[in-house]
Protein chains: 2
Amino acid sequence: MLSTRGAKFSALLALLSVLDTASAQHYRRLGACPKLGCVFPPDQTDFIPGQLFDIRLEVHAPESGREASNNGAPDEKFSFCIQRGTGTCEDVSKFFSVKEPALEKWSFSYFEDLFAQDAKQSTNVNVASKIYRAVSLPSPGKYTAVLTYNGKSQTVANWVVRDTSKQRKAKNVLFFIGDGMTQAMITAARLIGHKSINGRYQSLMQLDQMENLGLQMTHSIDSFITDSANSASALYTGKKTAVSALNVWADSSANSFDDPKFETIAELFRRHRQGGALGIVSTAVIADATPAALCAHTRNRDELATVIYEFLNGAEGLNSTFAWPTSCEQPDVIFGGGAELFYPNSKSYGGVDMYKAFKDKGYNLVQSKTQLASAPNDKKTLGIFSTSNLAKWVDRNIFPNNLKNQKSSPTGDGTDAVDQPGLKDMTLKAIDILQARADKNAGWFMMSEAASIDKMMHVLDYDRALGELLELDDTVRASIEHLEKIGELENTLIVVTADHGHGFDVFGGADTKYLSAATGDRAKRRAVGTYAASGLSEYQVAPGSSPDNTTIVVGPFGPNFPVQWTPRYTFAGGVGGNPDRVENYKIHTNGPRLPAVSSSDGYIVNPADNTDGFHVSGTLGPDEAQGVHSLTDVSVFSKGPGSDAFRGVFNSIDIFYKIADALGLGDTGKGQEHGNGNNGH
Amino acid sequence: MLSTRGAKFSALLALLSVLDTASAQHYRRLGACPKLGCVFPPDQTDFIPGQLFDIRLEVHAPESGREASNNGAPDEKFSFCIQRGTGTCEDVSKFFSVKEPALEKWSFSYFEDLFAQDAKQSTNVNVASKIYRAVSLPSPGKYTAVLTYNGKSQTVANWVVRDTSKQRKAKNVLFFIGDGMTQAMITAARLIGHKSINGRYQSLMQLDQMENLGLQMTHSIDSFITDSANSASALYTGKKTAVSALNVWADSSANSFDDPKFETIAELFRRHRQGGALGIVSTAVIADATPAALCAHTRNRDELATVIYEFLNGAEGLNSTFAWPTSCEQPDVIFGGGAELFYPNSKSYGGVDMYKAFKDKGYNLVQSKTQLASAPNDKKTLGIFSTSNLAKWVDRNIFPNNLKNQKSSPTGDGTDAVDQPGLKDMTLKAIDILQARADKNAGWFMMSEAASIDKMMHVLDYDRALGELLELDDTVRASIEHLEKIGELENTLIVVTADHGHGFDVFGGADTKYLSAATGDRAKRRAVGTYAASGLSEYQVAPGSSPDNTTIVVGPFGPNFPVQWTPRYTFAGGVGGNPDRVENYKIHTNGPRLPAVSSSDGYIVNPADNTDGFHVSGTLGPDEAQGVHSLTDVSVFSKGPGSDAFRGVFNSIDIFYKIADALGLGDTGKGQEHGNGNNGH
């Protein structure tokens, strides 16, 4: 898993320091290509046997700046060879038995750093490129790929095809993603959702009780902070890539669809498991990065309409730059939000009625919690329950009036979506449909995402984020119970993890009564109690009664949820990376928080937010409206066949290989290197 | 481990809401005693068989306030009985065959909340109390203890004696504590200390590679945020207690030494393992909470001189209120800082020369890294290397001039301690001494603390905190290698964990050149790059060269440490709970950071800190000078015999039981309940 493949060691600091150029971190020519010759798949890429991928080669010639080269004329005579193990390095066309694609040329520009951006001094780069589409390496082992350009310059990429089990351990995979969920958030959710008496929890999160515990590293290929697109791609494909990229390595061309693609676990499941069923569930817009990454391939996660189109049609009918031979083949279950991408309007694909397009291909459409509950289990089912992201657990259950006057009906008729399901409703129904639709013994794969942990963390609405996290935990618990009931628990690998974190933690308690009554920022801050003065959680105390560490009270939503959401003494928490904001540590009873608003000077405090609170200046650039993702490793909880492999500390990409192993996807059915003969354009 | 022992369930919210009193979280009458009758050990306390503990009973009568009772006269006729399993409840004196102690009486006062504090309206409480000293329960099982007072009022405490292995799995235990260390910090340390190429780390932390992974909950008995005193007590004794308490439950009396005590792993190791050796190593003042908690018993962690006295003498010679029959029996190794507690001065115990007192009892004294290296292995060794806490790894290795002009010599002569060892030097030497001094097959127990992860997090000096963390990781790695070399690796249980967290995380990168050059807070904040603009770690790049993701450079301190500490592009990180401060995201080259200074209006920005940075207002009360501890679960890494038990999610107290199991401390050698007949004061 770790190696020094392709890396040159040097203890000679002095030798290297002769390269005394200005370093450029914020803006780079092309993230995963520090040299002027670029190879995708980049160095350090792994595959399972037979996993499809494109090869993109680029040679860059910057016209100016610190890397100015060849008077801006890129070498068009570059060569590329691939070597298996200690064999000879064969030309790529011969190695894969594919036709040589046409040379492509383009140019792009970038700023070398913030000073250059302020001075509007961009650097133009001219590019010569080739792409080899949909090849694969069926045999486990080490491969060395060498791009030679500008005479003797070389870029070397070391690839490994991991020896992957051909025997399946798990019939089904239920993969939960708590978007943005960290252990600090789980700790805070435990604090408000479970009763502690004298330092001993009287009940635990379901996540606390899973069989195996791991931690995974979430960083991107070319930045240490990730977004949800490339982190989901890593989890589903075993490939690191760049921010905003869905199952492609980011090349330098302007086209968002011609970047080199790679195959996802959902596509591999479809190819390997005839009669298997596939489900995608999210509380977000269903074309949002985490669900989209199961099936979509684009440099730009914002291509939402195309994501929906691809769920239904794969690459069929898309522009030839999209060329990709495999697909998710119409998932059996698609449940989430984002109705604006379905009813005919400017945001739907080609402006057409995508609901009709799905129904024309045999989908049953459900648009409310009630319809969901009564839907037949034997049909492919599209469930779209609101425009935009679904309503939050706290709003659906504690402040249901906040679902009104949102014009969020999935029909697009401007009425309100007040009958929305939660993650648990969607996931349990999805299990039933997948179970009914999968051929006997073929099994199913489902991804279920608690998306708004992340979305509510972004807007610093910690109460709602923890509500979503508790709902995820409740969903995992209910899923285990349901699988046991239908006799599939011991056949199902269950994995719960996150795609990245936010730097949230609880640092004390707040006396919201005192905070609201005090005058002046510093006086209000006295309301925050730390250490002994943090006190005990009042969320597990009956409203209006004293805090008490001897009584367990069960609230209207059952155990595992707060008994009250509006205690006088709340938790005080937050993140290190913030926009300007006002804090009062109270739950936002009127709907999700909006901490900052746009102004001519960038984002400033929202004057309507927390009007009784104290002002806190931000730590992020003025163009950041909200909190941002963070670096921390995230936890991995697992249970069921194959879950032992999910113990310990590993990289996000390893999740894919562990799932592939559990599913026995190592059997390619093919004996030699494979190209589809349909390269380039 | 989890149960509903002693907890009353109620789904009747309405019934409970009749108790419509003002809740008081910030200030409470007595933390672990929500009723007017208090039992210590409190409800939910566990023991290993034969573990010594005191029983303190209190009956409270507040004179005023929301709990005013009996006109302020506490019931002196309370009774207390203990029941094993489903047996009868026997009076405590009979149950333990001890004399009935004398009744004690005192009073104390407290503020019910911040409003009461502002109005200077304190509540006086009168107390009647008894204490039963040094009893124990030799038989595993459930016990119910009932205090009856004020007629029919009862406080019930449920205790469990856990069935603990009598067979030892581990001969030695090496217990590392990274004070305040969270997984987010480990992630950040990995980022700066290890090279990543295209999203794949080319080397890993030692912590990443341990055999078993767990997570533990750190909260106090009566507050959800802990300090290092009660969290260390939990780790070493299996008992939750209150902030600032070392191996006692906090009673309401003013005396810091008469609180009910309980026995530590170090004391138990001494009692059970004849000829075993004991070591205490810390980079802090050696009487600081984490090392102190191995041997000391006091309500107030600030009683530093007494902690040192107790290391040497146990309770012998201390005031009778201290009564405690067991001790650490002069640890074989005591290495750390805090020389001001040793040379004769106002801070040493009784003003005497404690160096001499230790030497008089056979200790070899070492006071520098050089002396440490050449010290004989066969003598009890006291190593005190500076006044206050030891110098930080970053200062010792990167900015050694910062060790000058500190007047920190351990001799107290006002010269500088420039020849200080680090955690690795101390730990490896301690292993050799323990190994030499332990009787054959008796084994040893050592706690080694990286204390300044916490101390540097408190002052928001993230670079130094991560330096300390990397030194801890390097120490764990070197200890494993050393144990393997001397043939003890497979006999040694190694556990690495923390006592609590700080809410630190990395949220981006900072262009420190741009930040410094820009004018105005908001313009400077543009230097913070998030997501793709966070870039790659420059800490693994040779100084002066370009960021590069193809080359591994080994710096002067070897792999596992940054190649440079002062790159132009740094990580940008922070915590959510802060005092007012100025940020520039640069390392503090002149020594540890001081973010805030005292003023007539509480703590304000230190005008000398980060003068080229931008101002950020705080989120903590104006009386907080620095960052504070946070809630998050912390990681547990383990290896060796018995380490399988450290997998998954558990409570901090469980660490003690897992270590006791590995050491086979379940054999009490006694057949019935035990009291030492020396009750009262």
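Because the structure is a prediction, the values reported are computed rather than measured. Within each chain, residue numbers correspond to sequence positions counted from 1 in written order. Numbering of ligands from 1 and lettering of chains from A proceed in the order in which they are written. Where totals are concerned, whole chains, interfaces and linings use all residues; where local detail is concerned, this predicted model gives features only for residues with pLDDT of at least 70, and gives and counts side-chain atom pairs only at 80 or more. The side-chain quantities take in all heavy atoms of the structure and omit both hydrogens and water.

Helix numbers and strand numbers start at the N terminus; a helix is a DSSP run of H or I with at least 4 residues, a strand a run of E with at least 2. For chain A, the count of helices and strands is 17 helices and 32 strands. For 681 residues, the compact-globule formula gives about 26 Å, and the C-alpha radius of gyration of chain A, at 26 Å, lands near that figure. Taking the principal axes of the C-alpha coordinates as reference, chain A spans close to 80 × 60 × 50 Å. Only the protein chains shown count as cover for residues, and all accessible areas are computed by the Shrake-Rupley method using a 1.4 Å probe. Here chain A has roughly 21100 Å² of accessible surface; of this, 48% comes from carbon and sulfur atoms. We take the radius of gyration over the C-alpha atoms and set the globule estimate at 2.2 Å times the residue count to the 0.38 power.

Residues and elements named next belong to chain B. Throughout, disulfides are identified as pairs of cysteine sulfur atoms within 2.5 Å of each other. If you walk through the whole model with that rule in mind, you get six disulfides over all chains. A disulfide bridge connects C295 with C328, and the sulfur atoms are separated by 2.0 Å. Classification of the bridge connecting C295 and C328 rests on its S-S torsion, roughly -95 degrees, and on that basis the disulfide is left-handed. With C295 in the loop between α7 (289-292) and α8 (304-313) and C328 in the loop between α8 and β16 (333-337), the pair connects residues that are 33 residues apart, well separated along the chain. The exposure class of C328 is buried, given its relative accessible area of 1%. Taken in N- to C-terminal order, the disulfide-linked cysteines of chain A are connected 1-2, 3-4, 5-6. Exposure is judged per residue with a 1.4 Å probe applied to protein chains only, and the accessible area is read against the type maximum: over 50% gives exposed, under 20% gives buried, and values in between give partly exposed.

Each partner contributes residues to the interface: chain A has 152 residues there, and chain B has 152 residues. Note: buried area is the sum, over both parts, of the accessible area (probe 1.4 Å) each one loses when the two are combined. Buried surface at the junction of chain A and chain B, both sides included, amounts to about 12200 Å², of which 57% is carbon and sulfur. The term salt bridge refers to a side-chain nitrogen of Lys or Arg lying within 4 Å of a carboxyl oxygen of Asp or Glu. Our count for the chain A to chain B interface comes out at 14 salt bridges. As a salt-bridge pair, D580 of chain B and R525 of chain A come within 3.0 Å of each other at their nearest N and O atoms. N or O atoms closer than or at 3.5 Å make up a polar contact, with two conditions inside protein: a donor-capable atom paired with an acceptor-capable one, and, for residues adjacent in sequence, both atoms drawn from side chains. Summed over the shared surface of chain A and chain B, the result is 66 residue pairs in polar contact (both at pLDDT 80 or more). Take the side of chain A that touches chain B: its biggest share by element is seven residues, from strand β22 (residues 505-511) of chain A. Contacts are assigned to residue pairs with any non-hydrogen atoms lying within 4.5 Å of each other.

With an RMSD of 0.0 Å, the operation that places chain A on chain B is a rotation of 180 degrees combined with a shift of 0.0 Å along the axis. On the angle and the small slide along the axis, the relation comes out as a two-fold axis. Within chain A, the C-alpha atom positioned nearest to the axis of rotation is that of G576 of chain A, 2.3 Å from it. The least-squares superposition of copies is restricted to C-alpha atoms, and to residues with a pLDDT of at least 70 in both copies.

Take the UniProt feature "active site" (unreviewed entry) in chain A next. All names here are of chain A. UniProt positions are given in the numbering used here, feature names are shortened, and annotations may be inferred rather than shown by experiment. The residues that UniProt annotates with the feature "active site" (unreviewed entry) are S228. Within the secondary structure layout, S228 lies in helix α5 (residues 228-237). Residue contacts for S228: discarding those within four places in its chain leaves D179, A289, T290, R301, D499, H500 and H629.

All names here are of chain A. Those domain boundaries reflect an automatic or database domain assignment. Along its sequence, chain A is carved into domain 1 (23-161), domain 2 (172-197 + 263-487) and domain 3 (505-574 + 576-616). One C-alpha centre belongs to domain 1, the other to domain 2, and the line joining them spans 36 Å. Across the boundary between the two partners, domain 1 contributes eight residues, which contact eight residues of domain 2. Carbon and sulfur atoms supply 59% of the area that domain 1 and domain 2 bury against each other, a total of about 620 Å² over both sides. If you sort the residues of domain 1 by the area they bury against domain 2, Q51, L52 and R133 come out on top, with a joint share of 65%. Across the contact surface, domain 1 and domain 2 share zero salt bridges. Summed over the shared surface of domain 1 and domain 2, the result is four residue pairs in polar contact (both at pLDDT 80 or more). The set of elements that each furnish at least two residues to the side of domain 1 that touches domain 2 consists of β4 (53-62) and β8 (122-135).

Let's shift gears to the sheet that holds strand β25 (residues 569-574) of chain B. Two strands pair under a simple rule: DSSP has to find at least two bridges between them. As summarised here, the arrangement of the three strands in space is β23-β22-β25 (chain B), forming an open sheet in which the pairing is antiparallel. In this open sheet, the two strands that pair with only one neighbour each are β23 (528-529) and β25 of chain B.

Turning to its location among the elements, N560 of chain B is positioned in the loop between β24 (551-553) and β25. With sequence-adjacent residues up to four places away left out, N560 of chain B is seen in contact with G193, H194, L204, L470, D474 and R477 of chain B.

In total, this model carries 80 salt bridges over all chains according to the counting rule given. The shortest N-O distance in the salt bridge between E112 of chain A and R66 of chain A comes to 3.7 Å. Here the residue E112 of chain A occupies a position in the loop between β7 (104-111) and α3 (114-118), and R66 of chain A occupies one in the loop between β4 and β5 (79-84), the gap between them amounting to 46 residues. The class of E112 of chain A is buried, set by a relative accessible area of 13%. A relative accessible area of 32% places R66 of chain A in the partly exposed class. Its salt-bridge partner being R522 of chain B, residue D601 of chain A comes within 2.8 Å of it at the nearest N-O pair. Residue D601 of chain A is found in the loop between β27 (596-599) and β28 (602-605), and its partner R522 of chain B is found in helix α16 (residues 521-525); the two belong to separate chains. According to the relative accessible area criterion, D601 of chain A is partly exposed, its value standing at 45%.

With that settled, the discussion passes to empty space enclosed by the protein. Method remark: on a 1 Å grid restricted to protein atoms, a set of points is classed as a cavity if a 1.4 Å probe fits but cannot get out and as a pocket if it is open with protein on both sides within 12 Å along at least five of seven lines; lining residues have an atom within 4 Å of a point. Grid points are joined across faces, edges and corners, and a volume is the space filled by probe spheres set on the points. Its boundaries defined by the atoms lining it, the largest cavity holds a volume of some 180 Å³. The wall of the largest cavity is formed by 21 residues, among which A184 and T632 of chain A together with T182, A184 and T632 of chain B lie closest to the centre. For the lining of the largest cavity, the secondary structure elements donating two or more residues are α4 (183-193) of chain A together with α4 (183-193) of chain B. A breakdown of the residues in the lining of the largest cavity according to their chemical character gives six nonpolar, eleven polar and four charged. For this classification, the nonpolar set comprises Ala, Val, Leu, Ile, Met, Phe, Trp, Tyr, Cys and Pro, the charged set comprises Asp, Glu, Lys and Arg, and every other residue, Gly included, is treated as polar.

As a further point, take the pairing of strand β8 (residues 122-135) of chain B. All names here are of chain B. β8 sits mainly inside the fold: twelve of its 14 residues count as buried. Across nine bridges, strand β4 (residues 53-62) lies against β8 in antiparallel orientation. Each bridged residue has a counterpart across the sheet, and for I55 the counterpart in β8 is Y132. Taken together, the eight bridges between strand β7 (residues 104-111) and β8 define a ladder with antiparallel strand orientation. Across the sheet, F111 pairs through a bridge with S122, a residue of β8.

The next thing to look at is helix α6 (residues 265-272) of chain A. Each α-helix turn comprises 3.6 residues. Residues three or four places apart therefore point the same way. Of all eight residues in α6 of chain A, six are buried; the element is thus mostly enclosed. In this structure, the buried residues of α6 of chain A make contact with α5, β15 (277-285), β19 (444-450) and α17 (652-663) of chain A.

This part takes up the packing of aromatic side chains. Any two aromatic rings considered together are summarised by their centre-to-centre distance and by the angle between their planes. Residues and elements named next belong to chain A. Each Phe, Tyr or Trp ring (for Trp, its six-membered ring) is paired with any other whose centre lies within 6.5 Å, and the angle between the two planes then decides the class: stacked below 30 degrees, edge-to-face above 60, tilted in between. Here the structure, examined in full by the defined rule, presents 52 aromatic pairs over all chains. With 4.3 Å between their ring centres and 0 degrees between their planes, W393 and F561 make a pair best called stacked. Highlighted residues: W393 in helix α11 (residues 393-397) and F561 in the loop between β24 (551-553) and β25 (569-574), separated in sequence by 168 residues. The exposure classification of W393 matches that of F561, with both residues buried.

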